[in-house]
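Chain by chain, the residues run as shown.
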Amino acid sequence: MSLPPPSENQPYCMVSTLESGHIHCKVDLFLDDAPLDTQVHLPCLSFLLQHSVNKKRLLFDLGVRKDWEEFPPKLVESLKPVFTMDIPQDIVDSLAKGGLAPRDIDIVCPSHIHFDHIGYTPPFSESHFVVGGETKKLFEQGFWPDNPDSYYSSELLPAGRTTYLGDDAKWESIGPFPKAHDFYGDGSLYIVDAPGHVWGHVNLLARTSADGAWVYLAGDTAHHWNLVTGKSAVACMHPGEATVHLHKELAEEMIGRVKEVTKIPRVRVLLAHDKPWYDGGKGFFPAQIESL
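Residues numbered from 1 in each chain as written. Predicted model: local features only at pLDDT ≥ 70, side-chain atom pairs only at ≥ 80, totals over all residues. Heavy atoms only, no water.

Per an unreviewed UniProt entry, the chain goes by Metallo-beta-lactamase domain-containing protein and derives from Leucocoprinus leucothites. Reading the Cofactor (unreviewed entry) entry of the UniProt record for the chain gives the comment "Zn(2+)". (UniProt positions renumbered as here; feature names shortened; annotations may be inferred.)

**Regarding the sheet that holds strand β13 (residues 267-270)**
Sheet strands line up and pair through hydrogen bonds in the backbone, either parallel or antiparallel. The mixed open sheet is built from 6 strands, whose spatial order is β8-β9-β10-β11-β12-β13. Either end of the sheet is taken by a strand with one partner, and the two such strands are β8 (172-174) and β13. Adjacent strand axes in the sheet meet at a mean angle of 35 degrees when their direction is disregarded. Here strand β9 (residues 177-182) runs beside strand β10 (residues 189-193); their pairing, made up of 3 bridges, is antiparallel. Within the sheet, the bridge partner assigned to Ala-180 lies in β10 and is Val-192. This element, helix α5 (residues 248-261), spans β9, β10, β11 (202-207), β12 (214-217) and β13 of the sheet and lies at about 75 degrees to β9. (Pairing = 2+ DSSP bridges. Helix = DSSP H or I, 4+ residues; strand = E, 2+ residues; numbered from the N terminus. Axes fitted to C-alpha atoms, helices over the stretch in contact; angles between N-to-C directions. Contact = heavy atoms within 4.5 Å.)

**What to know about the pairing of strand β2 (residues 39-51)**
In summary, the side chains of a regular strand alternate between the two faces of the sheet. Among the 13 residues in β2, 11 count as buried, and that is most of the element. As defined by bridge partners, strand β1 (residues 13-26) adjoins β2 across 12 bridges and the pair is classed as antiparallel. Across the sheet, the residue bridging to Met-14 is Gln-50, located in β2. Linking β2 back to strand β3 (residues 57-60) in an antiparallel pair, the connection comprises 5 residues, with Lys-55 at a positive phi of about 65 degrees. (Buried < 20%, exposed > 50% of the residue type's maximum accessible area, 1.4 Å probe, protein only.)

**Some words on the sheet that holds β1**
Read across the open sheet, the 7 strands follow the order β4-β1-β2-β3-β5-β6-β7; overall the sheet is mixed. The open sheet has two edge strands with one neighbour each: β4 (84-86) and β7 (162-165). When the angles between neighbouring strand axes are averaged without regard to direction, this sheet yields 25 degrees. Sheet topology note: the β1/β4 ladder contains 3 bridges and is antiparallel. If you follow Ile-23 over to β4, its bridge partner there is Met-85.

Structure below.
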């Protein structure tokens with residue numbers, strides 16, 4: 001199993017971590033062998049990818065919004081029994097540490113549109129949004145406030161500035177992943193179809209050097225490293241839902257693919273709720289993640 005070798009004068013992405021809130025919840029939401037009612041404090045990490053040639057800035061995920069209780073009422077009602085939020089700094093605060101504002105971001109690519117990844121989108125008024133094509137399935141019943149039972153606000157994804165990567169996109173197999181989209185067309189960044197967690201879930205695979213280093217941003221494919229290492233399995237139950245994943249078997253297959261990519265030399269794998277990486281404090285904007 002390998003990834004495409006670099007071309008001559010290969011473009012790549014400079015990748016930085018951004019703190020964008022924290023959530024407290026029971027770890028048995030995610031792990032089958034977790035002690036009952038044991039709490040876990042998880043960071044919500046976003047990532048800034050800056051292209052080495054075209055200088056485009058892409059944000060992968062937006063974390064949690066500070067005023068999260070302004071989400072649609074049905075969503076807030078579902079969150080309060082399960083999660084406690086802690087947001088000392090959000091995505092806008094983290095960008096400001098490196099001198100950037102939302103208007104400086106060219107592309108926003110949410111891994112998926114759960115509350116701890118979508119943040120608050122209106123400040124990104126100059127950005128183009130890119131999401132997995134199946135995200136549309138979540139909106140079939142309409143948006144809040146027109147549909148008071150919807151979990152998704154009408155301002156979530158801007159009309160005219162959102163691309164849904166569906167069957168009309170060019171997909172190819174890369175490494176252990178059956179469907180990947182060469183976003184810039186130069187082998188520097190691939191959007192990876194990552195089914196299982198929720199409709200439209202995607203991961204990113206980015207080159208971080210011209211000579212063959214990569215970073216794989218796994219989103220919520222796994223909420224905990226024990227799932228990737230195989231120490232634990234996906235928990236079966238989630239309050240109000242069948243599992244923490246929409247399709248448990250597909251999620252488990254995708255976790256297996258991420259495990260395979262960890263075996264490829266010079267690939268750094270990071271999770272959206274990667275507590276060990278957060279605790280290490282490396283690569284946070286304006287610093288960059290060091291290439292392997």
